Each structure stands twice: as structure tokens, then as C-alpha cells.
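Breakdown of the fold
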Amino acid sequence: MISIISILRAIYWEIKIDLLSTLRYRFGIISDLVIYSMLLGFFFTSKTNTSIEREFIYLNYQELLFWGYIAWTLAVAAISSIGGEIRSELIHGTFYGKMNSKYPLQILLFGKLISSVIIQVCITLILSFFAIVIWSVQIRFNFLLFLFLAICTIGMYGLGLFLGGLALYFKKIGAIVFIIKFALLFITDTIPTNEYIIFFLDGYL
């Protein structure tokens, strides 16, 4: 019978190995930070989600936009890390060795999730600094909000496992992952919805 201590130790080593690997190849972190910053800047400068101010009578709509954006980045990190890890293990031929480990595969992949969340939280702190300093967004932090983000991220971990299962069968699932990431932008209500963009889309379509 596997003890809880041994499971926690296995998760710890998965986190440590993944963090060391990510820090060794820092270009991925830098590119994510640049892309997320540019996309967030576009949403702020295009006055995305000004409809929230009218619908919910909430003047600080940029704060809601920011947290919806952060929820999206965490969801993307959870999905990409799990689905990408399984595909990477398959390519390197180490997946079935890990699957036959005495620890459940879901436990080992959970360590990967925690590692990805830690990195994403660091990126989020930098994005928070940019939002406050550059775009003058008033951001409030509270425990209930972090709880909701944690629940959302764990749910996306389950979706990542599902996509990992598809990767076992179909091998290449890049298009499916891209569609899900794009759909999540609508679910989190982060896609620009101000009148000018809607008017432009109506005229174009």
C-alpha cells in the first residue's frame, strides 16, 4: 500500500524536476510573459468589456477583465501542461514507463500541474504590476477569489487529462487544444465586446 508520505514525495520530485527544467530553458517563460502582456495590453487599450460597467453597474470593469484574463491564463496553463506532458512523454518513449510506475499517473501529472501553476503565478504577479502601474487598474485581492481560481484550475486539470487521453489515441491534438483555448476566451468573457468591435464585426460579416 502506498503511503501518503511517499505520494507527497513523488509529487515533490515531479515539481522540482519540472521547475528546474523550465528555469533552465527560460525562453519559454519570457515568451509567455511577452505574449500575455501584449494581449492584456490590447484588451485594456481597446476598452474590452465596457459592457460590464453598464450590465453590472460596476465602474471598475478593468478589474473584472483582469481577473477573467488571469483565470484564462491559469486554465490554459493547466490544459497545456498536462496534454503537452503526455505528448512529450510519448515522443521521448518514457510515457509507458511512467504509467507502469507504482504511483498513479494522475498523481505524477498533478505535480506537473502544480509546477505550471507556480510559474503562471509568477507571471501573474508581473502582469498585476503592469496592470497597476501602466494601465492604472485598481486590483483587489481576496481569499474567495483565489479559491474560485483554484477550483477552476483543478477543473482544467481534468480537461487536460481528457486531452492527454486523446493524445494517446490520435497522437496530434494541437488543433483541438487551440480551439479549446480560444473557446475559453469567450467563456471567461475576455474577448473584446465593446460597441466599436461589434459594429466592425457586423459590417464585416
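The residue numbering used here restarts from 1 in each chain and proceeds along that chain's sequence as written. Thresholds applied to this predicted model are a pLDDT of at least 70 for local features of residues and 80 or more for the giving and counting of side-chain atom pairs; totals over whole chains, interfaces and linings are not thresholded and use all residues. Only hydrogens and water are set aside when side-chain values are computed; all heavy atoms of the structure are taken into account.

**Description of the layout of surface pockets**
Empty space among the atoms can be located by rolling a probe the size of a water molecule over them. By volume, the largest pocket amounts to about 700 Å³. Put simply, the grid is 1 Å and covers the protein atoms alone, a cavity is a trapped set of points that fit a 1.4 Å probe, a pocket is an open set with protein on both sides within 12 Å along at least five of seven lines, and lining residues have an atom within 4 Å of a point. Together, 28 residues line the largest pocket, and Asp32, Tyr36, Val76, Ala77 and Ser80 are the ones closest to its centre. Listed by contribution, the elements that provide at least two residues to the lining of the largest pocket are α1 (4-24), α2 (27-45), α4 (61-92), α6 (105-133) and α8 (174-187). Under the DSSP-based scheme used, a helix requires at least four consecutive residues in state H or I and a strand at least two consecutive residues in state E, with every element numbered from the N terminus. No other element matches α4, which puts eight residues into the lining of the largest pocket. Lys, Arg, Asp and Glu make up the charged group, whereas Ala, Val, Leu, Ile, Met, Phe, Trp, Tyr, Cys and Pro make up the nonpolar group; the residues left over, Gly among them, are polar. Residues of the lining of the largest pocket, tallied by class, amount to 15 nonpolar, eight polar and five charged. Grid points are joined across faces, edges and corners, and a volume is the space filled by probe spheres set on the points. Each pocket or cavity is described by its volume, and for the second largest pocket that value is around 310 Å³. Residue assignment for the lining of the second largest pocket shows that the elements contributing at least two residues are α4, α6 and α7 (143-170). Taken together, the residues of the lining of the second largest pocket sort by class into 14 nonpolar, three polar and no charged.

**As for the packing of α4 against α7**
Under this scheme, a helix contributes an axis fitted over its contacting stretch, all axes are lines through C-alpha atoms, and angles between N-to-C directions fall in the 0 to 180 degree range. Running from N to C, α4 and α7 cross one another at 30°; their axes reach a closest spacing of 8 Å. By the angle between their directions, the pair α4 and α7 is classed as roughly parallel. As for the relative orientation of α4 and α7, their crossing is right-handed in sense. Looking at the contact of α4 with α7 residue by residue, the classes come out as 20 nonpolar, four polar and no charged. Note that the term roughly parallel is reserved for angles under 35 degrees, roughly antiparallel for angles over 145, roughly perpendicular for angles of 65 to 115, and oblique for everything else. Definitions for this section: a left-handed crossing has its near helix turned counterclockwise from the far helix by less than a right angle. A right-handed crossing has that turn clockwise.

**Let's talk about the nonpolar core**
Membership of the largest hydrophobic core comes to 40 residues, with the highest contact counts inside it found for Phe66 and Leu127. Secondary-structure elements contributing two or more residues to this core are α2, α4, α6, α7 and α8. Residue contributions to this core peak at 14 residues, all from α4. Residue contacts follow a heavy-atom distance rule, with two residues in contact if any of their heavy atoms lie within 4.5 Å. Residues in contact with leucine 127, not counting those within four places in the same chain, are Leu33, Tyr36, Ser37, Leu40, Phe66, Tyr69 and Ile70. Here, nonpolar core means buried Ala, Val, Leu, Ile, Met, Phe, Trp, Tyr and Cys residues that are tied together by side-chain atoms lying within 4.5 Å of each other. For the exposure calls, accessible area comes from a 1.4 Å probe over protein chains only, and a residue counts as buried if that area is under 20% of its type's maximum, exposed if over 50%, partly exposed in between.

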